[in-house]
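# Structure assessment
Take a look at the letters that make up each chain.
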Amino acid sequence: MRMVSQTDIAPSIARSLGFHLPDPDGRPIEEIGRWRCKRAILIIVDSLGYELCRSFLPHLRHMREIAGSGFLFRALHVSDHTSPAIASILSGLTPEHHGIYDTESAKRSPILSIPEIASSSGLRSAVIMEKGGAEVYDGLIEYIGAVPRTLPPDEFDHHICRLTVEALSTDPALVVSYFIGLDKAAHNGLHLDGFIKAAVSIDSHIGEVFRRAGSETMIVIVGDHPVHAGKMKNDDDQSVALIIGRKI
């Protein structure tokens, strides 16, 4: 499978949902160019490196099924840090062009991301992530789910899933959610078994979200960066997993 970029995600979603994304650095992914969906769910999984995902895929029933309905890409990541990577995923711009490197710069930035653009185009949007990131969208979109970063990883991801399902009940066109279990496994120094447990837990949440998604939904699952700390760090894993599938 050819290489794509995190900056290609926002243009792909914009084209699928039918709204205009001004001057992105990325471009729509050709393989899904003809997909037209009523809803897009974008799930960002912290530290979902490509090689890690590929090696864990036998344990990840829901991600495997979603990839089977579409594609598993190796995607170029634009930063080893979460905030600028997420900003690129949501704007289609490289960090050099969006200038967002932390939550505070995100709050000050004039750059519009796809949740804001979708909402201004008349499409309902929802963002569910840690409290600081979610609050960037306060007053700009229709649904915000803010989860305290201080929660234990399992509890954090459980709340992300619960709020994502709640957001889906409001019939949004675009949903963005963010899971941290893998990244916490890395920073807490867990070994292989701990990583697999975290990945399986996130996979079960993704399965629940996809089950509630309804027909004509595109689901996009992407890492922000490869594992960059702890015992599972792999210097050869220099890209992230990008899974794009759909529920017809």
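Anyway, here's the lowdown on the structure attached to this text.

Basis of the calculations
Residues numbered from 1 in each chain as written. Predicted model: local features only at pLDDT ≥ 70, side-chain atom pairs only at ≥ 80, totals over all residues. Heavy atoms only, no water. Helix = DSSP H or I, 4+ residues; strand = E, 2+ residues; numbered from the N terminus. Buried < 20%, exposed > 50% of the residue type's maximum accessible area, 1.4 Å probe, protein only. Contact = heavy atoms within 4.5 Å. Pairing = 2+ DSSP bridges. Salt bridge = Lys/Arg side-chain N within 4 Å of Asp/Glu carboxyl O. Phe/Tyr/Trp six-rings, centres within 6.5 Å; stacked < 30°, edge-to-face > 60°. Lys NZ or Arg CZ within 6 Å of the ring centre and 35° of its normal. 1 Å grid on protein atoms, 1.4 Å probe; cavity = no way out; pocket = protein on both sides within 12 Å on 5 of 7 lines; lining within 4 Å. Points joined across faces, edges and corners; volume = space filled by probe spheres on them. Nonpolar A, V, L, I, M, F, W, Y, C, P; charged D, E, K, R; others polar. Core = buried A, V, L, I, M, F, W, Y, C linked by side-chain atoms within 4.5 Å. Expected span 1.5 Å × (residues − 1). Axes fitted to C-alpha atoms, helices over the stretch in contact; angles between N-to-C directions. Parallel < 35°, antiparallel > 145°, perpendicular 65-115°, else oblique.

### What to know about the overall build of the chain
Of the regular secondary structure elements, the chain holds 11 helices and eight strands. With the C-alpha coordinates aligned to their principal axes, the bounding extent of the chain is approximately 45 × 40 × 35 Å. Burial analysis of the chain (248 residues in total) assigns 57% to the buried set. Residue pairs in contact within the chain that sit at least 24 positions apart in sequence constitute 70% of those at least 6 positions apart.

### Topic: the pairing of strand 4 (residues 125-130)
Regular strands place their side chains on alternate faces of the sheet. Where burial is concerned, most of strand 4 is hidden: six out of the six residues are buried. Bridge count for strand 4 against strand 6 (residues 174-179) is four bridges, and the pairing is parallel. What sits directly across from Ala126, in strand 6, is Val175. In terms of strand pairing, strand 4 meets strand 5 (residues 143-147) through five bridges, oriented parallel. Residue pairing for strand 5: Ile128 is matched across the bridge by Gly145.

### Some thoughts on the pattern of salt bridges
Inspection of every chain in the model, using the stated rule, returns 10 salt bridges. Residue Arg39 is joined to Asp171 by a salt bridge in which the shortest nitrogen-to-oxygen separation is 2.6 Å. Of this pair, Arg39 sits in strand 2 (residues 39-45) while Asp171 sits in the loop between helix 9 (153-168) and strand 6; the two residues are 132 residues apart in sequence, bridging distant segments of the chain. Exposure remark for Arg39: the relative accessible area of 10% places this residue in the buried category. Residue class for Asp171 comes out exposed when judged on its relative accessible area of 53%.

### Overview of the packing of aromatic side chains
Scanning all chains against the criterion turns up two aromatic pairs. A connected cluster of aromatic rings, assembled from ring pairs, spans Trp35, Phe71 and Phe73. Sitting over the ring of Phe210, Lys247 keeps its end group 5.5 Å from the ring centre.

### Regarding the layout of surface pockets
By volume, the largest pocket is sized at about 430 Å³. Among the elements of the structure, helix 4 (82-91), helix 6 (103-108), strand 4 and helix 8 (131-135) are those that each provide at least two residues to the lining of the largest pocket. For the lining of the largest pocket, the element with the highest residue contribution is helix 4, accounting for six residues. Here the residues of the lining of the largest pocket are counted per class, giving 13 nonpolar, eight polar and five charged. By volume, the second largest pocket amounts to about 150 Å³. In terms of lining, the second largest pocket is formed by Pro153, Asp154, Gly181, Lys184, Ala185, Asn188, Leu190, Gly194, Lys197 and Ala198. Of all the secondary structure elements, the ones that give two or more residues to the lining of the second largest pocket are helix 9, helix 10 (181-187) and helix 11 (192-211). When grouped by side-chain class, the residues that make up the lining of the second largest pocket number four nonpolar, three polar and three charged.

### Looking at the nonpolar core
If you look at the biggest cluster of nonpolar residues, it comprises 83 residues, and the most contacted ones within it are Ile13, Leu42, Ile221 and Leu242. At eight residues, helix 11 tops the list of elements feeding residues into this core.

### Quick notes on helix 9
If you check helix 9, its first and last C-alpha atoms are 23 Å apart, about what 16 residues at 1.5 Å a residue would give, namely 22 Å. Lining the buried residues of helix 9 we find strand 2, strand 4, strand 5, strand 6, helix 10 and helix 11.

### Remarks on the packing of helix 9 against helix 11
Two numbers describe how helix 9 lies on helix 11: the axes approach to 10 Å, and their chain directions differ by 10°. Classified by the interaxial angle, the pair formed by helix 9 and helix 11 is roughly parallel. Between helix 9 and helix 11, the residues in contact are Asp157, His158, Cys161, Thr164, Val165 and Leu168 and Ile202, His205, Glu208 and Val209, respectively. Class assignment for the residues of the contact of helix 9 with helix 11 results in five nonpolar, three polar and two charged.

### Description of the sheet that holds strand 3 (residues 71-76)
Taken together, the eight strands give an open sheet; going across it, the order is 1-3-8-7-2-6-4-5, and neighbouring strands pair in mixed fashion. For this open sheet the edge positions go to strand 1 (3-5) and strand 5, each flanked by a neighbour on one side alone. The sheet shows a mean angle of 20° between the axes of neighbouring strands, direction not considered. The pairing of strand 2 with strand 7 (residues 217-223) spans seven bridges and is parallel. In the strand pairing of strand 7, Ala40 is matched with Met218. Along the sheet face, helix 3 (residues 61-68) touches strand 3, strand 7 and strand 8 (239-247) and points at about 70° away from the line of strand 8.

Shape is all these values report; function is a separate question.
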